[in-house]
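Spelled out from the first residue to the last, the chains are:
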Amino acid sequence: MKIGIDAKNLCGPLSGISRYVMSMVVHLADRGVQLVLFAPRPLTAKQLIHPNITLVTSNLNGRMGNLVWSQLVLPNRIKRHNIDVFWGPAHRLPAFPAHIPKVLTIHDFVWKKHPETMSKLGLLGEKLLMPGALKRADRIVCLSQFTLSDLVREHVRAKDIAHTIYPGTTTYQAQPSANNPFANGPAYMLFVGTHEPRKNLEGLLRAYAALSPDQMDQCHLRIIGAAGWKQDHLKTFARELGLSDYVHWAGFVDDDTLEQAYENARFQVLPSIFEGFGLPIIEAQKYGKPVVTSNCSSMPEVVGEGGLLVDPNSTQSITRGLAKLIDDPHLCAQLGDKAKLNAARFDWQKSAHDFEIMCRDLLAEKGKAVESSAFLQNS
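Below is a summary of the structure that appears in this document. As the structure is a computational prediction, the values presented were derived from the model and not from experiment.

1. Concerning the overall build of the chain
Link 1 in the chain: The number of helices and strands found in the chain is 15 helices and 13 strands.
Link 2 in the chain: Whereas a compact globule of 379 residues would reach a radius of gyration of roughly 21 Å, the chain reaches 21 Å, a difference of no more than 12%.
Link 3 in the chain: Judged by the C-alpha coordinates and their principal axes, the chain covers about 65 × 45 × 40 Å.
Link 4 in the chain: Here the chain, with 379 residues, has 54% of them falling under the buried criterion.
Link 5 in the chain: Residue pairs at least 24 apart in sequence account for 66% of intrachain contacts in the chain once pairs closer than 6 positions are excluded.
Link 6 in the chain: Carbon and sulfur atoms make up 51% of the accessible area of the chain, which totals about 16700 Å².
Link 7 in the chain: Of the side chains in the chain, 41 bear a positive and 36 a negative charge, and the two mean positions are spaced by 8 Å.

Structure below.
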């Protein structure tokens, strides 16, 4: 089976959706599935050097380049390759070629639930392009049961073609470094995520500032993530709250540094306003780290019993959650054990297996038989 993939998310640094796409690509290729990755710019990630991966790229940059590529270049490139299924892993599908079966991944409906947390351009893109993609999709993948429920409420026809396929966790062989800022220093809680309004970093800073000085001394706050939008004030806000000695900003980090940050953290905190899944939750839990996260959207489903749920709209609620894990090492350890067990539910090999089975069932429905991969024959 040969799957074509819209790989534009892999053109930049890996975070969020792009990390999901990369992990699925690598594990599908390892299963023996032939993949053709289409992208507006060259893809240089070493993970994509694989005998089952073909790269088809252009040299188009910027927002206008992406638009030209997706609307004009991509459909023509698809026609030149004999693919069986086309996969849009992030809310978008080309209108043509119409005869090729299409799979669409939906990560969330934040644009409908919390449009105020999105940039105007991002919101416009979702409003204009997601509905058409949903109509063209022959199969739809959701990353959580929560998102699947949202989908079915919005689009009744999706009930018969939508599936929940959870993402997995990735274990990297992190290389210890004497320069790693997370290996030494005070104990810390960890936040990982792009700095954007729905991640509720301002709420987290307020809640952290409400801790006692002794609690802050015991557990600093380290923040990892690329700059997003409308959050340029955060460092100034932290200083105004008197947190300069306790809050540390790492920006975007490579995989080795990220893994060591998870491994050395006391616990993870993700008090988002909305998440379609929340990959940092299980990435922390695989190291046995409990997670303080929100009691809304997909987060209770994902965190399981390996953390504490808080109200993201209540400073007091978040502060209480942080204080419990700082003040009670026994509780922190207990939840850490449950976190590791919970993370075992999420496995990229299973994700790739379930995705491949879904695609093969789709092709059988369309009357097209394809050769089974060795992995599928042995599974």
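Still more to cover.
2. Quick look at the side chain of Glu356
Link 1 in the chain: Within the secondary structure layout, Glu356 lies in helix α14 (residues 348-365).
Link 2 in the chain: Residue class for Glu356 comes out buried when judged on its relative accessible area of 0%.
Link 3 in the chain: One polar contact links Glu356 to Arg31, side chain to side chain, over a distance of 2.6 Å.

3. Details of unusual backbone geometry
Link 1 in the chain: In this structure, Pro97 follows Phe96 across a cis peptide bond, with omega equal to -5°.
Link 2 in the chain: When you line up the elements, Pro97 lands in the loop between β4 (85-88) and β5 (102-106).
Link 3 in the chain: In this model, Asn200 sits at a positive phi of 65°, which is unusual for a non-glycine residue.
Link 4 in the chain: The residue Asn200 is located in the loop between β8 (188-192) and α6 (201-209) in this model.
Link 5 in the chain: Overall, the relative accessible area of 11% leaves Asn200 in the buried class.

So, how was this worked out
Residues numbered from 1 in each chain as written. Predicted model: local features only at pLDDT ≥ 70, side-chain atom pairs only at ≥ 80, totals over all residues. Heavy atoms only, no water. Helix = DSSP H or I, 4+ residues; strand = E, 2+ residues; numbered from the N terminus. Rg over C-alpha atoms; globule rule 2.2 N^0.38 Å. Buried < 20%, exposed > 50% of the residue type's maximum accessible area, 1.4 Å probe, protein only. Contact = heavy atoms within 4.5 Å. Areas by Shrake-Rupley, 256 points an atom, 1.4 Å probe, with all protein chains shown as cover. Lys, Arg positive; Asp, Glu negative; His and termini not counted. Charge placed at Lys NZ, Arg CZ, Asp CG, Glu CD. Polar contact = N/O pair within 3.5 Å; in protein donor to acceptor, adjacent residues only side chain to side chain.

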